[in-house]
Amino acid sequence: MNQSDAERVKTVLHSMGFSATENEDEAAVLGVIACSVRQKAIDKVYSRIAKWNRMKNKKSLITFVSGCILPADREKFLKLFDMVFPMSELPDFPLMVSQYGMVTPAGLQQQDALRIEITQVADDKKPVKSILVPLENGQKPEPLNLNPAKEIDRFWEVEPTYTSSFEAFIPIQNGCDKFCTFCAVPYTRGREVSRPSAEILSELRNLVQRGFKTITLLGQNVNSYGLDKKGEEISFTGLLHLIGQYGQESGKEFWVYFTSPHPRDMTDDVIEAIAKYPCLAKQIHLPVQSGDDHVLLRMNRKHSMEKYRHIVHTIKRLIPEATLFTDIIVGFTGETDEQAENTRKAMEEFKYNMAYIAQYSVRPGAASSRWEDDVPHEVKKHRYHILTEELMKHSLEYNKTLIGKKIRVLVRGADRKEGYLSALTEGRIVVRFSSADHSLTGNFVDIVVSSAAALSIEGELVKTMAQAITA
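Definitions and cut-offs
Residues numbered from 1 in each chain as written. Predicted model: local features only at pLDDT ≥ 70, side-chain atom pairs only at ≥ 80, totals over all residues. Heavy atoms only, no water. Helix = DSSP H or I, 4+ residues; strand = E, 2+ residues; numbered from the N terminus. Buried < 20%, exposed > 50% of the residue type's maximum accessible area, 1.4 Å probe, protein only. Contact = heavy atoms within 4.5 Å. Areas by Shrake-Rupley, 256 points an atom, 1.4 Å probe, with all protein chains shown as cover. Salt bridge = Lys/Arg side-chain N within 4 Å of Asp/Glu carboxyl O. Expected span 1.5 Å × (residues − 1). Phe/Tyr/Trp six-rings, centres within 6.5 Å; stacked < 30°, edge-to-face > 60°. Pairing = 2+ DSSP bridges. Axes fitted to C-alpha atoms, helices over the stretch in contact; angles between N-to-C directions.

Caption draft 1: Local environment of the overall build of the protein. Helices and strands together make up the secondary structure of the protein, namely 14 helices and 19 strands. Counting across all 471 residues of the protein, residues that qualify as buried make up 50%. When contacts within the protein are restricted to residue pairs at least 6 apart in sequence, those whose partners lie at least 24 apart make up 68%. A total accessible area of about 22,400 Å² is found for the protein, and carbon and sulfur atoms account for 51% of it.

Dropping the structure here:
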């Protein structure tokens with residue numbers, strides 16, 4: 001999500017005449033796309049802004065922060081950054097910069113006809129933006145209040161500056177209505193708003209025609225897409241069917257992924273759609289968070305292990321070749337040894353290909369921040385290692401079943417191992433194979449798997465006639 005946001009930020013900065021640099025010392029504008037979900041990520045932001053503020057002693061510099069930011073973090077950032085704004089207000093960034101008197105390369109300082117005023121709302125102290133429009137007769141400007149849903153529409157209209165020529169992200173939804181007790185997203189992104197399906201499909205068709213090979217649909221809860229616009233928009237299943245039909249009609253080879261779904265809204269018809277269309281990638285990221293029903297209840301996940309088990313069984317039955325990824329929180333408030341063991345058993349049962357395991361940390365603003373963080377760090381660390389070992393075991397077992405098979409992969413570039421290229425299977429398993437032909441980057445090729453490790457495989461390139469002639 002942050003990478004997708006950053007691609008739109010890059011577009012706005014380019015429109016102002018700025019160009020990217022890898023050297024911070026050369027920059028006139030420096031910013032962070034932050035995430036308040038984890039304390040570790042926020043700690044990195046504080047470290048970075050401290051360095052940038054020291055740089056201001058030697059040069060003119062404007063700093064900004066946006067992204068998923070909790071109110072408590074925002075209040076602190078307001079004292080450290082020049083600009084703090086939600087991503088939905090990105091289209092107004094040139095106006096914000098103009099207020100600092102910076103003459104941008106594109107001369108956008110002329111837009112001072114509009115100015116942005118940040119006011120404080122007495123009841124909750126949350127910043128609310130209004131645009132003040134100067135009147136010709138000198139009357140006092142009247143504030144124009146902006147609808148949050150309309151604000152995110154304006155953000156979606158910003159065309160991304162893609163960082164890759166073959167991999168792209170398409171946001172289809174913003175916000176979340178689930179209010180998991182450990183999560184800050186509803187407080188940083190707001191309630192669920194679905195992007196118009198016509199815009200999504202138009203962006204996807206454009207990307208496919210331009211030669212992009214993988215496209216990921218993004219949202220905090222993608223499979224509740226359209227539920228906020230009942231009668232006005234199609235469902236997530238409907239969206240997948242339209243994408244699948246376009247894939248069949250286009251004659252192009254591409255893979256479409258989505259992240260993240262919520263088990264509560266994952267219905268059989270979504271899985272049936274994935275099974276039906278070749279362009280819908282056979283990889284599903286299904287966050288479980290915990291394998292214990294009591295912990296899930298405290299997390300307010302709104303699904304049971306029985307419900308989750310039904311979804312996984314349906315995936316295995318309809319798409320046996322699909323890989324399964326998940327998210328897990330270890331050491332959540334009140335988690336007992338028995339409950340942690342139930343999560344390990346769930347990993348043993350579902351045999352995930354990949355699991356993103358996080359040790360629980362309190363986030364101010366999330367509901368669970370009111371509870372005591374009573375699982376010691378060393379206990380969390382121990383449980384984390386147990387789950388990691390479980391993941392490695394099952395990932396290796398699966399990867400070994402691929403040895404000797406021919407598999408379609410997408411080449412992503414040079415591998416860390418000299419003389420090798422790195423790729424991903426449709427199931428997003430990391431692959432390396434021996435080749436010095438970097439022109440393969442961004443293309444599909446076939447490899448025969450020769451060896452397997454936990455979380456990755458190695459293979460030999462199956463050369464086409466054209467590649468054989470070139471060699």
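Caption draft 2: Layout of the environment of Ala-322. Structurally, the position occupied by Ala-322 is in the loop between α11 (305-318) and β13 (323-330). When its relative accessible area of 6% is taken as the criterion, Ala-322 is described as buried. Spatially, the C-alpha atom of Ala-322 lies 5.1 Å from that of Gln-283, the residues being 39 residues apart in sequence. Here Ala-322 is in contact with Lys-282 and Ile-315, once residues within four sequence places are set aside.

Caption draft 3: Quick look at the pattern of salt bridges. Under the criterion given, the structure shown has 24 salt bridges. For Glu-199, the salt bridge is made with Arg-195, and the minimal N-O distance between the two is 3.2 Å. For Arg-195, a relative accessible area of 3% translates into the label buried. As a salt-bridge pair, Glu-349 and Arg-309 come within 2.7 Å of each other at their nearest N and O atoms.

Caption draft 4: Expanded view of helix α13 (residues 377-400). In this model, α13 (24 residues) spans 35 Å end to end at C-alpha, consistent with the 34 Å of a helix rising 1.5 Å per residue. For α13, the set of buried residues is Lys-380, Arg-383, Leu-387, Thr-388, Glu-390, Leu-391, His-394, Ser-395 and Asn-399.

Caption draft 5: Looking closely at the packing of aromatic side chains. In the structure shown here, the tally under the stated rule is 14 aromatic pairs. On the numbers, 6.3 Å between centres and 80° between planes, the contact of Phe-332 with Trp-371 is edge-to-face. Taken together, the positions of Phe-332 in the loop between β13 and α12 (337-350) and Trp-371 in the loop between β14 (354-359) and α13 put the pair 39 residues apart, joining distant regions of the chain. On the accessibility criterion, Trp-371 (32% relative accessible area) is partly exposed.

Caption draft 6: Broad picture of the sheet that holds strand β12 (residues 283-285). The three strands lie next to each other as β12-β13-β14, forming an open sheet whose pairing is parallel. Across the chains shown, the open sheet's two edge strands, defined by having one partner strand only, are β12 and β14. Direction aside, neighbouring strands of the sheet carry axes that sit 10° apart on average. Bridge analysis of β12 against β13 gives three bridges, and the strand direction is parallel. Residue pairing in the sheet places His-285 in a bridge with Phe-325 of β13.

Caption draft 7: Spotlight on the pairing of strand β18 (residues 444-453). As paired strands, strand β15 (residues 406-414) and β18 are joined by five bridges and run antiparallel to one another. Residue Ile-407 lies in a different strand from β18, and its bridge partner there is Ile-447. As paired elements, β18 and strand β19 (residues 456-462) share seven bridges and run antiparallel to each other. Its bridge partner lying in β19, Ala-452 is registered against Ile-457. Hairpin remark: β18 followed by β19, antiparallel, with two residues in the connecting loop; positive phi at Leu-455, about 75°.

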